[in-house]
Amino acid sequence: MSPVFPMLTVLTMFYYICLRRRARTATRGEMMNSHRTIESNSRTSPLHAEVVQYAKEVVDFSSHYGSENSMSYTMWNLAGVPNVFPSSGDFTQTAVFRTYGTWWDQCPSASLPFKRTPPNFQSQDYVELTFEQQVYPTAVHVLETYHPGAVIRILACSANPYSPIPPAEVRWEILWSERPTKVNASQARQFKPCIKQINFPTNLIRLEVNSSLLDYYTELDAVVLHGTKDKPVLSLKTSLIDMNDLEDDDYEEKDGCGMDSLNKKFSSTALREGPNNGYFDKLPYELIQLILNHLTLPDLCRLAQTCKLLNQHCCDPLQYIHLNLQPYWAKLNDTSLEFLQSRCTLVQWLNLSWTGNRGFISVAGFSRFLKVCGSELVRLELSCSHFLNETCLEIISEMCPNLQDLNLSSCDKLPPQAFNHIAKLCGLRRLVLYRTKIEQTALLSILNFCSELQHLSLGSCVMIEDYDVIASMIGAKCKKLRTLDLWRCKNITENGIAELASGCPLLEELDLGWCPTLQSSTGCFARLARQLPNLQKLFLTANRSVCDTDIEELACNCTRLRQLDILGKDTVYICFIFYFCFFFLRFFFFYFWESASGGGAKRGRQRIQTRFCADRLTAVSPMQGSNS
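Rules used in this analysis
Residues numbered from 1 in each chain as written. Predicted model: local features only at pLDDT ≥ 70, side-chain atom pairs only at ≥ 80, totals over all residues. Heavy atoms only, no water. Helix = DSSP H or I, 4+ residues; strand = E, 2+ residues; numbered from the N terminus. Contact = heavy atoms within 4.5 Å. Axes fitted to C-alpha atoms, helices over the stretch in contact; angles between N-to-C directions. Parallel < 35°, antiparallel > 145°, perpendicular 65-115°, else oblique. Buried < 20%, exposed > 50% of the residue type's maximum accessible area, 1.4 Å probe, protein only. Polar contact = N/O pair within 3.5 Å; in protein donor to acceptor, adjacent residues only side chain to side chain. Arc of directions from axis to C-beta. Nonpolar A, V, L, I, M, F, W, Y, C, P; charged D, E, K, R; others polar. Phe/Tyr/Trp six-rings, centres within 6.5 Å; stacked < 30°, edge-to-face > 60°. pLDDT = per-residue confidence, 0-100. 1 Å grid on protein atoms, 1.4 Å probe; cavity = no way out; pocket = protein on both sides within 12 Å on 5 of 7 lines; lining within 4 Å. Points joined across faces, edges and corners; volume = space filled by probe spheres on them. Patch = residues over 30% accessible without salt bridge, like charges linked within 9 Å, V, L, I, M, F, W, Y side chains within 5 Å. Areas by Shrake-Rupley, 256 points an atom, 1.4 Å probe, with all protein chains shown as cover. Salt bridge = Lys/Arg side-chain N within 4 Å of Asp/Glu carboxyl O. Pairing = 2+ DSSP bridges.

- Under an unreviewed UniProt entry, the name given to the protein is F-box domain-containing protein, and the organism recorded is Felis catus.

**Considering the overall build of the protein**
Then, number 1: Helix and strand content of the protein: 15 helices and 22 strands.
Then, number 2: Looking at the protein alone, contacts between residues at least 24 apart form 78% of all its contacts between residues at least 6 apart.

**Section: the packing of helix α10 (residues 440–449) against helix α11 (residues 467–477)**
Then, number 1: Closest axis-to-axis distance for the α10/α11 pair is 9 Å, and the angle between their directions is 10°. By the angle class used here, α10 and α11 are roughly parallel. Note on element contacts: α11 touches α10 through Val469, Ile470, Met473, Ile474 and Lys477, opposite Gln440, Leu443, Leu444, Leu447 and Asn448.

**Things to note about the environment of Gln440**
Then, number 1: Counting through the fold element by element, Gln440 comes out in helix α10.
Then, number 2: Residue classification places Gln440 among the buried positions, given a relative accessible area of 14%.
Then, number 3: Residues Gln440 and Glu465 lie 25 residues apart in sequence; the distance between their C-alpha atoms is 6.4 Å.
Then, number 4: A distance of 2.7 Å separates the side chain of Gln440 from the backbone nitrogen of Asp466, its partner in a polar contact.

**Concerning α11**
Then, number 1: Of all the residues in α11, the buried ones are Tyr467, Asp468, Ile470, Ala471, Ile474 and Gly475. End-on, the buried residues of α11 take up no more than an arc of 160°, which puts them together on one face.
Then, number 2: Residues of α11 that are buried in the fold lie against α10, β15 (455–457), β16 (483–485) and α12 (494–503).

**Some words on the packing of helix α8 (residues 363–373) against helix α9 (residues 390–399)**
Then, number 1: Where α8 meets α9, the closest approach of the two axes is 10 Å, and the angle between their N-to-C directions is 5°. Taken together, the axis directions place α8 and α9 in an arrangement best described as roughly parallel. The segment α8 lies against α9, with Val363, Phe366, Ser367, Leu370 and Lys371 engaging Thr391, Cys392, Ile395, Ile396 and Met399.
Then, number 2: Class assignment for the residues of the contact of α8 with α9 results in seven nonpolar, two polar and one charged.

**Some words on the packing of aromatic side chains**
Then, number 1: In total, this model carries 18 aromatic pairs according to the counting rule given.
Then, number 2: Measuring from ring centre to ring centre gives 4.6 Å for Tyr100 and Tyr217, while their planes differ by 65°; the resulting arrangement is edge-to-face. Here Tyr100 is found in the loop between β3 (95–96) and β4 (125–146), whereas its partner Tyr217 is found in the loop between β8 (202–209) and β9 (219–228), with 117 residues between them in sequence. The pair Tyr100 / Tyr217 is uniform in exposure class, with both members buried.
Then, number 3: Pairing Phe114 with Trp349 gives two aromatic rings, centres 5.5 Å apart and planes at 65°, and the pair type is edge-to-face. Of this pair, Phe114 sits in the loop between β3 and β4 while Trp349 sits in strand β11 (residues 349–351), and the two are 235 residues apart along the sequence.
Then, number 4: Look at Phe114 and you get buried, because its relative accessible area is 10%.

**A closer look at unusual backbone geometry**
Then, number 1: The omega angle of the peptide bond from Phe85 to Pro86 is 15°, so this bond is cis rather than trans.
Then, number 2: Phi angles above zero are rare outside glycine, and Arg358 is one such case at about 60°.
Then, number 3: Residue Arg358 is classed as partly exposed on the basis of its relative accessible area, which comes to 36%.
Then, number 4: One non-glycine residue with positive phi stands out, namely Trp514, at about 60°.
Then, number 5: Its relative accessible area of 28% is what places Trp514 among the partly exposed residues.

**With respect to the confidence of the model for the protein**
Then, number 1: Considering every residue of the protein, the mean pLDDT works out to 83; 76% of them sit at 70 or more.
Then, number 2: Of the regions scoring below 50 in pLDDT, residues 23–46 engages in seven contacts with residues more than four places distant in sequence or in other chains.
Then, number 3: Counting interchain partners and residues more than four positions distant, the pLDDT-below-50 stretch residues 235–258 has 39 contacts.

**Focus: the side chain of Thr202**
Then, number 1: Looking at the secondary structure, you find Thr202 in strand β8.
Then, number 2: Among the residues examined, Thr202 registers a relative accessible area of 0% and is labelled buried.
Then, number 3: In this structure, Thr202 is in contact with Gln133, Gln134, Val135, Pro137, Ala156, Cys157 and Leu225, ignoring residues within four places of it in sequence.

**Focus: empty space enclosed by the protein**
Then, number 1: Counted under the stated rule, the structure contains five cavities of 30 Å³ or more.
Then, number 2: Volume-wise, the largest cavity comes out at about 80 Å³.
Then, number 3: Broken down by class, the residue content of the lining of the largest cavity amounts to four nonpolar, three polar and three charged.
Then, number 4: Here the second largest cavity is characterised by a volume of approximately 50 Å³.
Then, number 5: What lines the second largest cavity is simply Tyr65, Arg98, Trp103, Trp104, Tyr217, Trp487, Asp511, Phe539, Thr541 and Asp565.
Then, number 6: Looking at the lining of the second largest cavity residue by residue, the class counts come to six nonpolar, one polar and three charged.

**With respect to α10**
Then, number 1: Along α10, the positions that sit buried rather than exposed are Gln440, Ala442, Leu443, Ile446 and Leu447. Taken end-on, α10 shows its buried residues confined to a sector of 160°, consistent with a single buried face.
Then, number 2: Elements that come into contact with the buried residues of α10 comprise β14 (430–432), β15 and α11.

**A few points about the side chain of His322**
Then, number 1: Secondary-structure assignment places His322 in strand β10 (residues 322–324).
Then, number 2: The exposure class assigned to His322 is buried, which follows from its relative accessible area of 16%.

**What to know about a nonpolar patch on the surface**
Then, number 1: Judged by side-chain polarity, Phe280, Leu283, Leu287, Leu290 and Ile291 come together as a nonpolar surface patch covering roughly 420 Å² of accessible area.
Then, number 2: Residue classification places Leu290 among the partly exposed residues on the basis of a relative accessible area of 48%.

**So, the pairing of strand β1 (residues 50–54)**
Then, number 1: Across the two faces of β1 the burial differs, with Val51 and Gln53 buried and Glu50, Val52 and Tyr54 not buried at all.
Then, number 2: Both β1 and β9 contribute to a ladder of five bridges, which runs antiparallel. Bridged to Tyr54 within β9 is Val224.

**Considering the pattern of salt bridges**
Then, number 1: What the rule picks out here adds up to 22 salt bridges.
Then, number 2: Between Glu173 and Arg171 there is a salt bridge, with the nearest N and O atoms lying 3.5 Å from each other.
Then, number 3: Using a relative accessible area of 26% as the deciding quantity, one classes Arg171 as partly exposed.
Then, number 4: Through salt bridges with shared partners, one network takes in Glu128, Arg153, Arg206, Glu208 and Arg358.

Quick look at the structure:
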């Protein structure tokens, strides 16, 4: 071979390398020039026109302080322009959730927490708001008028509630999230969290709150959504990755909002093969199971992919005795339930609260799951699960013969006739029907057949015609009843109270808040105090007839009373209140009214919270607010 050919080959290769290097250099230069152009344009060109809009409608919420038949203290006050802001104080025109603080979890009616709940899932309530136009959100402002600091998460949804065409896919994206923090000031503020940008337009915003650190009810006035119609162009100075998404404790982002990635992990079969499992082979099966009990559901799914031994442990139905799926409400669907079926044959506690809405879970999918996993169920939480219908309650009554605890709180889309099926669950111990459309006939049937009831919540059940009849049936059939919530029962009288007091001597908790037909002059409150010595919580919220005699009877007869909510007047002597507060109460809530000279009325509100420790009073902290 001629020596020319090797030389030509070397030169050709050298020339090719030079061309490649030059091309790469040019490409990098073009990219840098392109980025400089984008950055320059973002500085010099006018910004996209920003759309600022208030909420058009409140489409869903978990609870509120107000009544279903009025606007005072209801979530519906969040729609439209502000009613109160920038004023501070307690106003009926604001949105208020049902409770605050930690005392709610210390009542006799409080339920035990679920195991395997992610420690960073701390949402207690939520409200969903729609807006007129879909925009790419740039800011969300929450107008808080009293005791701010409850909002801990803000989410956006890709679905347009006003579109006649159902979306092929519904996505929820976290715009902002933070752990509950204590806000010392109680004055009004415009809360402006720094939200992250998302890649879809939205007109559906969800606020999630945690009120456990508040000294009083938080009050929200309005929500403002800022955004652009066009997708914003990010400059080099804009971070494409939210650093909060990389935190280890962000269960939503890290786990793909939960169940999508869990489905893949559950169905994964690519497990490592090996001659042995090291020290794991020497550990007792029960000990490994005990260790795995401390893992959250996503961690359990990850571990199942490591080896066959741990896959066997992670898929053991004993690991799913308590299954809390509420933290994964944004992604839980029929496919998720299908993958979980084989692992949940022994499940006893199941929490599906907040799940399945907007078509995520179908009636058929829920029914299939319960037919496989319902036989051992003892506790079923379905709060705000709007996919439920009459067929679902029928399936529950047939497939869950051992059910003792059923929570249908705020399932306000269930038709009244659906509740007739609950009467078949004769072993029920706890039934929560807050904000449901149950009617009197169905409730009477339930009380007749479910005589083992110990906890019953009928708060804000506006379809019941005569609460005296209900109270009479409770007194006759539910002798073991320990707690009863009759919050905002509009027509119960002293006759119903007399039936309750004589028929349910074991009552430890009774909520008669906002029951305007009860009058102290009939002796109903004094009768309660004499016949219910085991009372630990008594709420007589907004009842203006409470007098000295009632307080004295409670102090003398109800020595176990720890939580009391009353509305005082100038006929209630403060010495009785402080006597009662000092010797008995852990939580005391007192409204005070007094007449004002010159016409009109002056309203003052004061709350005194006490903590009882080592048989002595350790703290008294007054909080005041006003309403004009």
